[in-house]
Amino acid sequence: MSTHRSEPIAGSGEEATRRHVDRRTILRGAGLLGTLTAAGGALAAPAQAAPAQAATPGDLDPKDFTLTADYDEHTSRVAALLDQAGGASVSDVMDHANHDRTPATVLDTQVHGFRFASSDENDPDAVPQGITTSRDAVGTAGNGRYDGRQVIAVSFYNNSPKSSRINLIDWDANHPDSYRRILLVEPTGTAAEPSFQDIGIHVGGIAWYEDLLYVADSTASPNGMRVFDMSKIVTTDTGGSKDQIGRVGDSFYAHNYAYVLPQVGTVSSEVADGTTELVWSTISLDRVSRSIVMAEYRCVDCGGDYPEGPTRAVRFPFEKGGATFAEKTTATEALEVPLHYLNGVASHNGRWWFNDSHHKTLHHWSGSGAMTSYPWVSWGESLSYWEDADGPDLLWCLKEDEGDRPVFAVKQGDYSS
């Protein structure tokens, strides 16, 4: 089966299967929208029901799936951008956070929840997708702080102009409840005259490990991940017009963003002869096995550009002692998952979670036997596992529906069989 690579394969397929029905009607009918606040946000959904048993994932041959990594693709241009435009640390960026988040309740079982400012919550041209945290980057040391800050990162794809970004959100009682947007860019030009351009991909999943941010890319061929370095944030001129991007004379513009994060490398996916190419819809980090896991979004009778057929989830290990993949990496685990519509995946200690956005279900698999299924949210997106040395480990998730885009966390123990 061929997989046509265009933007829809990375995102939620609910617009494919429900495109003729008003989304809020669907959510209210399913009982998952709840009572609306004056600002249009959703309150608590029904309490968690008893888990149900689902089918068992099947083993595939991991040797059929490999990665090729290039971390030096843009080295000289990124160094030149930092030299000529100037750089900023994560702490610098958060010291200049300029958007406020507010509390939000999504599920009765949640531990945390917040909502973006209305400019993100209600923007029809910007849609949240992936999630990762500084706990992914550094673990529990220093209470999960990277560069002294405990933060959550959420990826957005933008339609006007076509681009991608992350929102970097403070999650620390020592700092305001605020966040800052950072544009993801691809370096262009030369080391003498560097520039950059937009990256117009779906950013369906992100994973932060040490300094490196891995971003799922389902649009390239071969697809895989783009790599960014969180220690190499570039400052830009916030003046100019919204459509200006890159170098203009001796200045650098980024649609009025103050910061850009330039791509440093690429990780390309390859498959064995006779194997359908992977659809890199979503990813997350497994700190225990030091690997990134990916999962495919595949439909049933969706038509158009949405891929159909069996869904796969694959684990790729990092090199020993580092946050990079070897030049050639072979998968260590590959599964055929008896589910569709997966917008989120997570793994920790041999266990797996799969977020089926269409059926509003979170599936847990212990690594053997049948999966256990739990009621979840509609329009759910990526997952991120949050380790905690002093409290329960968490699962973070988010919703993408316009006007209803909370980010929230639950105890992973409440969603593990």
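Please read all numbers here as calculations on a predicted model, not as lab measurements.

Cut-offs applied
- Residues numbered from 1 in each chain as written.
- Predicted model: local features only at pLDDT ≥ 70, side-chain atom pairs only at ≥ 80, totals over all residues.
- Heavy atoms only, no water.
- Helix = DSSP H or I, 4+ residues; strand = E, 2+ residues; numbered from the N terminus.
- Buried < 20%, exposed > 50% of the residue type's maximum accessible area, 1.4 Å probe, protein only.
- Contact = heavy atoms within 4.5 Å.
- Disulfide = S-S within 2.5 Å.
- Phe/Tyr/Trp six-rings, centres within 6.5 Å; stacked < 30°, edge-to-face > 60°.
- Patch = residues over 30% accessible without salt bridge, like charges linked within 9 Å, V, L, I, M, F, W, Y side chains within 5 Å.
- Areas by Shrake-Rupley, 256 points an atom, 1.4 Å probe, with all protein chains shown as cover.
- Salt bridge = Lys/Arg side-chain N within 4 Å of Asp/Glu carboxyl O.
- Lys, Arg positive; Asp, Glu negative; His and termini not counted.
- Charge placed at Lys NZ, Arg CZ, Asp CG, Glu CD.
- Arc of directions from axis to C-beta.
- Pairing = 2+ DSSP bridges.

Enquirer: I tried to follow the overall build of the protein chain on my own but got confused; where do I start?
Expert: When helices and strands are tallied, the protein chain shows six helices and 31 strands. When burial is assessed residue by residue, the protein chain has 56% of its 417 residues classed as buried. Within the protein chain, residue pairs in contact and separated by at least 24 positions form 65% of the contacts whose partners lie at least 6 positions apart.

Enquirer: Help me understand the state of the cysteines, please; the structure alone is not making it clear to me.
Expert: Note: disulfide means a covalent bond formed between the sulfur atoms of two cysteine side chains. This structure, assessed with the given rule, holds one disulfide. Across the disulfide from Cys299 sits Cys302; the S-S distance is 2.2 Å. When the S-S torsion is -75 degrees, as for the bridge of Cys299 with Cys302, the disulfide is left-handed. Owing to a relative accessible area of 8%, Cys302 belongs among the buried residues under this scheme.

Enquirer: When you look at the packing of aromatic side chains in this model, what are you seeing that I'm missing?
Expert: When we look at a pair of aromatic rings, we describe it by the centre distance and by the angle of the planes. Taken as a whole and assessed by the stated rule, the structure comprises 21 aromatic pairs. Aromatic side chains Phe114 and Phe116 sit 5.7 Å apart centroid to centroid with 90 degrees between the ring planes, which places their arrangement in the edge-to-face category. Ring geometry for Tyr209 versus Phe318: centroids 4.9 Å apart, planes at 35 degrees, classification tilted. One end of the pair, Tyr209, is in strand β13 (residues 206-209); the other, Phe318, is in the loop between β22 (311-317) and β23 (328-330), with 109 residues separating them in the sequence.

Enquirer: Please clarify how a negative patch on the surface should be interpreted in this entry.
Expert: A grouping of Asp70, Asp72, Glu73 and Glu327 is seen on the molecular surface, where their side chains present a negatively charged patch. Of note, Glu73 is situated in the loop between β3 (65-70) and α3 (75-85).

Enquirer: When you look at α3 in this model, what are you seeing that I'm missing?
Expert: For an α-helix, the turn length of 3.6 residues means that residues three or four places apart are oriented alike. Among the residues of α3, those classed as buried are Val78, Ala80 and Leu81. Buried positions in α3, seen along its axis, are confined to an arc of 160 degrees and lie on one side of it. Positive backbone phi, approximately 100 degrees, marks Gly86, located one or two places after α3.

Enquirer: Which parts of the structure should I look at to understand the sheet that holds strand β29 (residues 384-386)?
Expert: Spatial strand order, β6-β7-β31-β30-β29: five strands in an open sheet with antiparallel pairing. Looking at strand neighbours, the two that pair on one side only are β6 (102-103) and β29, the edges of this open sheet. Relative to strand β31 (residues 407-411), strand β30 (residues 394-398) runs antiparallel, the two sharing five bridges. Within β31, the position partnered with Trp396 by the bridge is Ala409.

Enquirer: Looking at this structure, how should I read the sheet that holds strand β24 (residues 333-337)?
Expert: Sheets are built from strands that pair by backbone hydrogen bonding, the pairs being arranged parallel or antiparallel. Taken in spatial order, the five strands make up an open sheet running β2-β24-β22-β21-β20, and their pairing is antiparallel. Each end of this open sheet is capped by a strand with a single partner; those strands are β2 (58-59) and β20 (282-286).

Enquirer: Just checking my understanding: could you explain the pairing of strand β9 (residues 151-159) for this structure?
Expert: Each regular strand shows side chains that alternate between the opposite faces of the sheet. Where burial is concerned, most of β9 is hidden: eight out of the nine residues are buried. By the bridge criterion, six bridges tie strand β8 (residues 126-133) to β9 in an arrangement that is antiparallel. For Ile131, the partnering residue across the bridge sits in β9 and is Val154. Summarising the sheet, β9 and strand β10 (residues 162-170) pair through nine bridges and their orientation is antiparallel. By the bridge assignment, Tyr157 is partnered in β10 with Ser164. Where β9 hands over to β10, the hairpin turn is made up of two residues, counted between the paired strands.

Enquirer: Can you walk me through the side chain of Glu387 in this structure?
Expert: By secondary structure assignment, the location of Glu387 is in the loop between β29 and β30. What Glu387 contacts, discounting residues up to four positions off in sequence, is Arg135, Thr140, Arg287, Val288, His348 and Asp393.

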